[in-house]
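This is what each chain is made of:
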Amino acid sequence: MPDLSLKLKNPRYQLAIVVFGSLLISAIFYGRVMIDPGAYMFHHGNDAVKNYYALAWYVEHEEGLDFGGMKYPHDGFYLQTDGHPPVGFLLKWLGASGSFAVALINWLMVISIPLSIVLFYLVFRRLKIPWVWAFLASLSIIALSPQIDRMEGHFALSYMFFFPLTFLFILDLMKAKPLLPFLKLLGLIIACYFLHPYLGVMLTFIALGFIPYFLFHAKKKGMVIGSLVLFLAGLVPLGIWKIVMELTDPVQNRTTDPWGFLEFVTRWESLLMPHHYWPGILPAEHFPVNYWEGQCYIGVGSYILALGMVLLIPRITLNWRLFAKNLLLILPCAAAIVLAFGYPFSAYPWIAEKFHFLVQFRALGRLSWIFYYLAIGGMFFALLKHNGRFSTLYRTIAGVAAFFFLLEGGFVHNQMGNSITESENLFSKEKKQSFLMSYPQALFEDIEAIVPAPMYYAGSDTYSTTSSAEVSIECLTLSYYTGIPTTANSTSREPVLPSLESIHLTSPSFYPKSLLQKMDSSYHSLGVLTTDSLYEEMGYDCCGELVDPLLTRGDWHLYSQKKADFEKRPISLDSTTTAALNLVGDTILSSGRARFEFFNFDRPGLVKTEDYNLIGEFQDSLAMGKHMTFSCWVHNPKLTSHPGSIFVETIGKDLKKDWIKHEAITKATMQSGDSTLFELKFEFPKQIDKVYFYFFAVNGNYDEVYLSHALVRQTESDVYEKVGSMVSKNNHLFLELGESNLIYPKRK
């Protein structure tokens with residue numbers, strides 16, 4: 001029988017143990033998905049279902065680069081959908097189904113974990129780290145990888161194996177023949193750009209970041225060529241991606257200035273503070289993190305590694321030449337974390353204005369991933385590579401750090417493994433077959449597109465939206481089953497006007513329905529998807545009376561509605577209201593018993609006078625116990641994600657203040673940056689006849705938001721304001737008073 005110790009010295013046996021161990025550890029947390037990846041959707045959130053839908057719909061219903069599933073009838077573009085384009089192209093060529101596509105990306109996300117462990121192991125072995133320590137360090141890095149969080153929505157960003165693969169190819173460049181490593185790097189980075197552009201940008205950053213190190217070693221054979229290779233491998237894929245996008249994207253006026261450039265950044269608490277559950281060690285939800293896009297927790301183990309580096313650096317600096325060479329490896333790591341925090345753009349905004357193309361990378365916080373891999377991997381390497389005096393101490397420190405990485409990572413992966421198996425696969429083959437057996441396809445033959453009501457869209461026309469993502473999710477599910485496109489979501493960085501055209505389909509009937517003119521005249525109907533409560537919540541007649549639904553799924557109803565029912569229809573006014581509006585010049589009328597109040601400001605905004613800035617006060621004994629609505633127009637020129645909140649306050653007889661309602665002004669209402677109507681509904685206290693309205697600016701940034709034309713009214717009432725020939729209803733769209741007692745939309 002061969003000696004086991006001799007086998008363990010064989011690199012092949014060592015690698016086999018690492019591969020088996022990585023698969024076994026991954027199976028402990030993700031075994032259910034490995035065995036049956038098609039049974040689940042990793043999340044039922046809007047981003048998650050949209051990304052599943054983008055891939056599944058493309059595989060079954062599209063050709064070329066077209067994508068019309070979510071913004072019909074406007075042109076769509078598959079490369080802008082986060083729908084795994086390279087995977088979609090392959091599956092479509094193979095004739096796969098959409099349900100298989102969902103199962104495949106689920107499996108790819110999970111198998112990425114053991115694959116990344118093995119690849120990092122190969123990186124450490126290439127750097128001459130003993131195999132057991134190389135395995136332990138690789139496990140530690142993947143245990144807290146920030147990309148794990150992306151498995152619940154931004155699926156393409158969860159493939160962490162691209163990072164160690166890039167490091168391996170860069171190590172190959174240190175050899176004398178750089179052609180093959182160049183081709184590998186080039187192909188890898190090109191693939192990443194088309195899988196998800198942010199992945200490509202991060203790999204470009206890594207490639208360019210290693211150039212100074214290669215140039216410093218210019219005397220060494222091949223290092224100058226290696227520098228050129230890194231330069232080309234980093235920038236050529238970016239150029240290819242940009243050229244392809246310019247030549248093939250059918251969408252006109254796509255925004256090049258997406259919101260969030262300096263919002264989605266890393267913060268110290270999201271980098272250093274744990275945000276997961278530690279049983280018995282720290283209280284649950286001890287450090288809530290609100291910076292999900294910039295989240296990159298580096299773990300307690302990193303503190304221990306940093307302590308080891310403090311002890312090690314004096315010994316390293318004894319050899320100044322070696323220290324100077326390795327210092328250059330810190331450059332990409334340091335540059336990544338500085339940019340992840342938003343510097344220098346937050347301090348010098350003119351830089352972003354001058355180099356405007358940088359703004360398209362709107363999630364700077366994701367560059368912290370580069371910092372994570374380079375910093376953690378670099379510290380493990382430095383401690384484990386040291387073979388001189390005190391090497392036992394440094395390896396002990398590395399071992400203790402690994403223990404904490406695995407401890408924290410174990411709970412992170414356990415939580416994620418449970419979370420991603422909580423939601424069933426809405427697009428499974430069985431569910432689709434069951435649906436089609438219950439509702440034959442002929443039932444939907446005359447429906448051109450499915451319209452969710454209310455429309456789900458985070459844009460400026462908030463009157464015609466709701467924050468319910470369930471509308472969009474149910475709409476995409478039915479769209480996948482029936483093969484009928486939807487107008488439910490914009491996909492990515494869409495122009496505002498086409499999006500508003502979709503929104504106006506389920507806006508009040510006096511909004512223009514220009515989208516109907518762009519549809520196929522051979523179809524006569526649209527499908528309206530809604531629930532009784534949602535349609536009642538809208539409070540307006542957008543598409544006629546809804547009767548006899550085609551199908552009912554739980555609380556959801558799908559109605560077949562003639563396109564003519566969506567056409568712009570004037571709203572008839574009773575004779576009393578019409579006479580009053582025409583009787584004098586400027587007029588204000590209300591149909592409610594409780595009085596109303598307008599607060600008009602001297603200028604379009606509020607000047608900071610105190611921490612909570614008074615907008616106005618409202619007093620009326622008839623309002624006590626009634627449902628009221630406060631509305632105002634908001635302008636947020638800096639596109640801040642949470643510029644502030646509106647508060648409703650009461651003051652009792654004992655002068656005690658009490659906030660009875662508040663609501664944040666968020667990015668969902670301010671994404672496009674133009675003026676938006678903000679509405680807050682509240683119940684007037686029964687024992688108090690006076691309330692105050694305040695605006696509170698986050699961090700005191702009162703120059704980031706402007707308020708104007710506030711109105712408080714009884715929710716069930718209508719308030720008309722006539723200025724000249726123009727009429728405003730409930731602080732909404734200005735209308736033109738026409739003949740026959742009708743109100744028509746204002747025409748530009």
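Being a predicted model, the structure only gives us computed values, none of them experimental.

(A) The arrangement of the overall build of the chain in detail. For the chain, the helix and strand inventory stands at 24 helices and 20 strands. Burial statistics for the chain: of 748 residues in total, 53% are counted as buried. Taking the intrachain contacts of the chain between residues at least 6 apart in sequence as the baseline, contacts between residues at least 24 apart amount to 75%.

(B) Looking closely at the sheet that holds strand E10 (residues 613-619). Strand order in the open sheet formed by 4 strands is E10-E15-E12-E13, with antiparallel pairing between adjacent strands. Strand pairing shows two members of the sheet lacking a second neighbour, E10 and strand E13 (657-665), which therefore form its edges. The sheet shows a mean angle of 20° between the axes of neighbouring strands, direction not considered. As defined by bridge partners, strand E12 (residues 644-651) adjoins strand E15 (residues 690-697) across 6 bridges and the pair is classed as antiparallel. Looking across to E15, one finds that Phe 647 is bridged to Tyr 694.

(C) Just helix H15 (residues 330-340), in detail. Taken as a whole, H15 has its buried residues at Pro 332, Cys 333, Ala 336, Ile 337 and Ala 340. An end-on view of H15 places all buried positions within 125° of arc, on one side of the element. Looking at the buried residues of H15, the elements they touch are helix H9 (197-209), helix H12 (268-272) and helix H17 (368-385). Positive backbone phi, approximately 95°, marks Gly 342, located one or two places after H15.

(D) Inspection of a nonpolar patch on the surface at higher detail. A cluster of nonpolar side chains, Leu 228, Phe 231, Leu 232, Leu 235, Val 236 and Ile 240, forms an exposed patch at the surface whose accessible area comes to about 440 Å². Counting through the fold element by element, Ile 240 comes out in helix H11 (residues 223-248). Judged by relative accessible area, which is 31%, Ile 240 ranks as partly exposed.

(E) Region of interest: unusual backbone geometry. Each neighbour pair has its own omega, and for Tyr 72 with Pro 73 the value is 0°, a cis peptide bond. Within the element layout of this structure, Pro 73 appears in the loop between helix H3 (46-61) and helix H4 (85-94). Here the residue pair Tyr 343 and Pro 344 is connected by a cis peptide bond, since its omega of 5° sits within 30 degrees of zero. Phi at His 84 is positive, roughly 50°, even though this residue is not glycine.

(F) Representation of the packing of aromatic side chains in the model. Within the structure shown, the criterion is met by 30 aromatic pairs. Judged by centre distance (5.4 Å) and plane angle (80°), the ring pair of Tyr 372 and Tyr 373 falls under edge-to-face. Grouping residues by exposure puts Tyr 372 and Tyr 373 together as buried. We note Lys 92 situated over the ring of Tyr 58; from NZ or CZ to the ring centre the distance is 5.8 Å. A cation over an aromatic ring shows up here: Lys 432 above the ring of Tyr 480, its NZ or CZ 4.9 Å from the ring centre.

(G) A look at the pairing of strand E18 (residues 726-729). Bridge count for strand E17 (residues 719-723) against E18 is 4 bridges, and the pairing is antiparallel. Paired with Tyr 720 across the two strands is Lys 729, which belongs to E18. A loop of 2 residues connects E17 with E18, the two strands running antiparallel in sequence, and Gly 724 in this loop sits at a positive phi of about 65°.

(H) View of the confidence of the model for the chain. Per-residue confidence for the chain averages 83 on the pLDDT scale, and 82% of its residues sit at or above 70. Predicted confidence is poor over residues 458-464, with pLDDT under 50, and the contacts of this stretch with residues over four places away or in other chains come to 27 contacts. Long-range and interchain partners of residues 739-748, a stretch whose pLDDT sits below 50, account for 30 contacts in this model, where long-range means more than four residues apart.

(I) A look at the nonpolar core. Core analysis: the largest hydrophobic core is formed by 158 residues, its most contacted members being Met 151, Phe 163, Phe 380 and Phe 427. If you look at the next biggest cluster of nonpolar residues, it comprises 24 residues, including Cys 632, Val 648, Phe 682 and Phe 684.

(J) Region of the structure containing the environment of Trp 556. Its place among the elements puts Trp 556 in strand E6 (residues 556-562). For Trp 556 and Cys 475, which are 81 residues apart along the polypeptide, the C-alpha to C-alpha distance reads 9.7 Å. Leaving out residues up to four positions away in the same chain, Trp 556 has contacts with Glu 470, Val 471, Glu 474, Leu 529, Thr 530, Thr 531, Leu 534 and Leu 551.

(K) Highlighting the pattern of salt bridges. A complete count under the given rule lists 10 salt bridges for this structure. With its nearest N and O atoms 3.3 Å apart, the salt bridge here joins Lys 431 to Glu 424. Here Lys 563 ties to Glu 448 by a salt bridge, and the two come within 2.4 Å at their closest N and O atoms. Taken together, the residues Lys 563 in the loop between E6 and strand E7 (571-572) and Glu 448 in strand E3 (residues 447-452) connect sequence positions 115 residues apart. What makes Lys 563 buried here is its relative accessible area of 12%. For Glu 448, a relative accessible area of 3% corresponds to the buried category.

(L) The arrangement of the sheet that holds strand E5 (residues 551-553) in detail. Read across the sheet, 4 strands follow the order E3-E4-E6-E5 without closing on themselves; strand pairing throughout is mixed. At either margin of the open sheet sits one strand with a lone partner, and together these are E3 and E5. For this sheet, the mean angle separating the axes of adjacent strands, direction not counted, is 25°. Looking at chain direction, E3 and strand E4 (residues 525-531) are connected through 4 bridges and run parallel. In the strand pairing of E4, Val 451 is matched with Val 528. Contacting E3, E4, E5 and E6, helix H20 (residues 469-482) crosses the sheet at an angle of about 160° to E3.

Basis of the calculations
Starting afresh in each chain, residues are numbered from 1 along the sequence in its written order. Residues qualify for local features only when their pLDDT is at least 70, as the model is predicted, and side-chain atom pairs are given and counted only at 80 or more; totals for whole chains, interfaces and linings, by contrast, use all residues. Computation of side-chain values covers all heavy atoms of the structure but excludes hydrogens and water. Helical segments are the DSSP runs of H or I of at least four residues, strand segments are the runs of E of at least two, and each set is numbered from the N terminus. Three labels apply to residues, based on accessible area from a 1.4 Å probe with only protein chains included: buried if under 20% of the type maximum, exposed if over 50%, partly exposed otherwise in between. The criterion used for residue contact is that any of the two residues' heavy atoms lie within 4.5 Å. DSSP calls a pair of strands paired once it identifies at least 2 bridges connecting them. Each axis is a line fitted through C-alpha atoms, and for a helix only the stretch in contact is used; angles between axes span 0 to 180 degrees, taken between their N-to-C directions. The directions considered for the arc run from the helix axis to the C-beta atoms. Only residues whose relative accessible area exceeds 30% and that form no salt bridge enter a patch; like-charged residues are grouped when within 9 Å of one another, and nonpolar side chains (Val, Leu, Ile, Met, Phe, Trp, Tyr) when within 5 Å. The Shrake-Rupley method, run with a 1.4 Å probe, gives the accessible areas here. Residue values count only the displayed protein chains as cover. Note on definitions: salt bridges are taken to be side-chain nitrogens of Lys or Arg within 4 Å of carboxyl oxygens of Asp or Glu. Pairs were defined over the aromatic rings of Phe, Tyr and Trp, the Trp ring being its six-membered one, requiring ring centres within 6.5 Å. Orientation was assigned from the angle between planes: stacked under 30 degrees, edge-to-face over 60, tilted for the rest. In our convention, an over-ring charge means Lys NZ or Arg CZ found within 6 Å of a ring centre and within 35 degrees of that ring's normal. What pLDDT expresses is the predictor's confidence in each residue, scored from 0 to 100. Residues belong to one nonpolar core when they are buried, are Ala, Val, Leu, Ile, Met, Phe, Trp, Tyr or Cys, and are joined through side-chain atoms within 4.5 Å.

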